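# Secondary and tertiary structure notes
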Amino acid sequence: MGSFLSSRIITVLLGGISSGVVIALVALSLVIIWKSTHVLNFAQGAMGMLAAFVGMNLVFKGVNYWLCLVISLAMGLVVGGITERVLIRPLYGKPEINPIVVMVGFLGVIEAAIPSIWKSNFNAVPAPFSQIYYQSHGHTILVSPFVIYQVALALGVMGAVALLFQYTDLGLQMRAAALAPEVSRLLGVRVNRLLTLGWILSSGVGALAAVIVSSGQSLAPTNMDGIFVSAFIAAAVGGLESPLGAITGGLLIGITESFILNYWSTNMAPLAGVIVLVISLAIRPQGIFTRNVTRRV
Amino acid sequence: MIHVEELSVSYGAVKALRNVTFSAPTGRITAVLGSNGAGKTTLLRTISGLVKPSSGTIHCDKTALVGMATEDIARFGLGHVPEGRGVIAEFTIEENLRLGVLASQVSAAEGLERQFELFPVLGERRKQYASTLSGGERQMLAMARALIGRPSFLLLDEPSLGLAPLVTAEMMRTISSLCLSENLTVILVEQNAKSALRIAHDAVVLHLGSVIASGTAESVASDSDLRRYYLGLVQ
């Protein structure tokens, strides 16, 4: 068993899954916003980092890691709500390019604002668990308690989002508001509130992803940039509408990246997203789990 | 009672409704008839708050509806089955119905039980996706979803659209008995004048956005000019 887990291919696979779940988490948060308001949120990664900066900076002042995580999450929820109310709501019903331009601008504003607020010395956030890899019969398995924590937190958040959407009344109303806003309003559903809630939820998920990424490394405003690009591709590969597709896309990119890193070259790792994108466009251009529906015109 | 007074609606330069005035008495079915483009659907959408009128008033009993948000009008007790039924195909039958009950005072369990009694076929297939239903079954689901929150007022937009004649007849019988058992005030918009006049108590005929006739269903049905020129009913 030990030699099996430490065999190179399994090691590479495990590494891919652990980076893939974070990509998947950000992709999921993009899908939540896309499904509820049809906005591609280019500032999603930066919004998450903003929340993480508020919370995780407190670690350096001696505040408990877990309390900082909760504060980051709370900040994520607040940032999402305010962004929807202030920046996005005036743009409903306008051309789809408008919110994209606004959010690209917001991305720039956040990445410029963070260093000016917290100055440029970005300290390393301590990992809450040991980063030393497990050993088995003298072999190293590229999994540490910290990696398990990252994967477990990401999977936990995904599970919680899935449960919310699938099994609660609130989730039912959120799905209905996204699928059929007019019909939902005719049934008394307060659609506008649910759109705000969609942004709040998505931004909270983004904040947790930013905390996962920033734990154990230095807290920098650009921590999420590379992951956001991968997550964007993952969401597109999944068909933008499908949470399961986004998660699968994220894992595929993470695993591809890990194989490129180990069997080809570190410099080529960013190609992973492009490779997955090209292959998926060739095989299933409509998205992994999207049913092939004819658009009514 | 739903009372519409001097209601006008414009889409840009196009006047969709011109000074429409009529009443739909409590516990009765009022048919709104007319050809394509007469303004029937616009009338219902304006009552529900989906379209803002340029002038005029709408009252449900004593409550003024103009200016209220659509979701508040729904919560107040006005059900609206829109044109094309508005069934959410990606949801199961039960999910569609639960969506209808959430904004009301009725508990989900009680509401579901009642609707499955009224429409047994929905109960048998509650876990099925709405996309698997036939046109008639979808219409039933749309009506059940509108009724589940126990509204006092019900707007039905072309319930017979796309249904076979036998299914239409069945649908009309259902509407008629529901109106009686629930003491509903129903506004029934139909192009199928013959079927609608069979169950309606009163009727309003719209033509190019104006009311050209109103009265009891019998008086409208027996007016030979209306039948020939506006209702498409050949003698």
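Before reading further, recall that the structure is shown in the block above.
Residues numbered from 1 in each chain as written. Chains lettered and ligands numbered in written order. Predicted model: local features only at pLDDT ≥ 70, side-chain atom pairs only at ≥ 80, totals over all residues. Heavy atoms only, no water.

### Digging into the overall build of chain B
Secondary structure assignment for chain B yields 10 helices and 10 strands. A globule of 235 residues ought to have a C-alpha radius of gyration of about 18 Å, and chain B, at 17 Å, matches this closely. Principal axes of the C-alpha set define a box for chain B whose edges measure 50 × 40 × 30 Å. Taking all 235 residues of chain B together, the buried fraction comes to 52%. The contacts of chain B with a sequence gap of at least 6 include a subset with a gap of at least 24, amounting to 66%. When the accessible surface of chain B is split by element, carbon and sulfur atoms take 50% of a total near 10,100 Å². (Helix = DSSP H or I, 4+ residues; strand = E, 2+ residues; numbered from the N terminus. Rg over C-alpha atoms; globule rule 2.2 N^0.38 Å. Buried < 20%, exposed > 50% of the residue type's maximum accessible area, 1.4 Å probe, protein only. Contact = heavy atoms within 4.5 Å. Areas by Shrake-Rupley, 256 points an atom, 1.4 Å probe, with all protein chains shown as cover.)

### Some points on the interface of chain B and chain A
Taken together, the contact pairs 21 residues of chain B with 19 residues of chain A. When chain B packs against chain A, close to 2,000 Å² is buried across both sides, 60% of that on carbon and sulfur atoms. Contact with chain A buries surface across chain B, with B:Glu71, B:Leu99 and B:Leu102 losing the most and accounting together for 27% of the total. Our count for the chain B to chain A interface comes out at 5 salt bridges. For A:Arg175, the salt bridge is made with B:Glu95, and the minimal N-O distance between the two is 3.0 Å. Of all elements in the fold, only α2 (70-76) and α3 (93-102) of chain B reach the threshold of two or more residues within the side of chain B that touches chain A. Of the residues contributing to the side of chain B that touches chain A, the split by class is 8 nonpolar, 5 polar and 8 charged. (Buried area = accessible area lost by both parts, 1.4 Å probe. Salt bridge = Lys/Arg side-chain N within 4 Å of Asp/Glu carboxyl O. Nonpolar A, V, L, I, M, F, W, Y, C, P; charged D, E, K, R; others polar.)

### Here we look at the packing of aromatic side chains
Residue and element names in this part refer to chain A. Inspection of the entire model under this criterion finds 12 aromatic pairs over all chains. Centroid distance Tyr-65 to Trp-66: 5.0 Å. Interplanar angle 85 degrees. Geometry classified as edge-to-face. For Trp-66, a relative accessible area of 38% corresponds to the partly exposed category. Ring centres of Phe-259 and Tyr-263 lie 5.7 Å apart, and the angle between their planes is 15 degrees; on these two criteria the pair is classed as stacked. Taken together, the residues Phe-259 and Tyr-263, both in helix α11 (residues 243-263) and 4 residues apart, mark about one turn of the helix. Relative accessible area serves as the criterion here: at 45%, Tyr-263 is assigned to the partly exposed category. These aromatic residues form a ring-pair network of at least three members: Tyr-65, Trp-66, Phe-129, Phe-146 and Tyr-149. (Phe/Tyr/Trp six-rings, centres within 6.5 Å; stacked < 30°, edge-to-face > 60°.)

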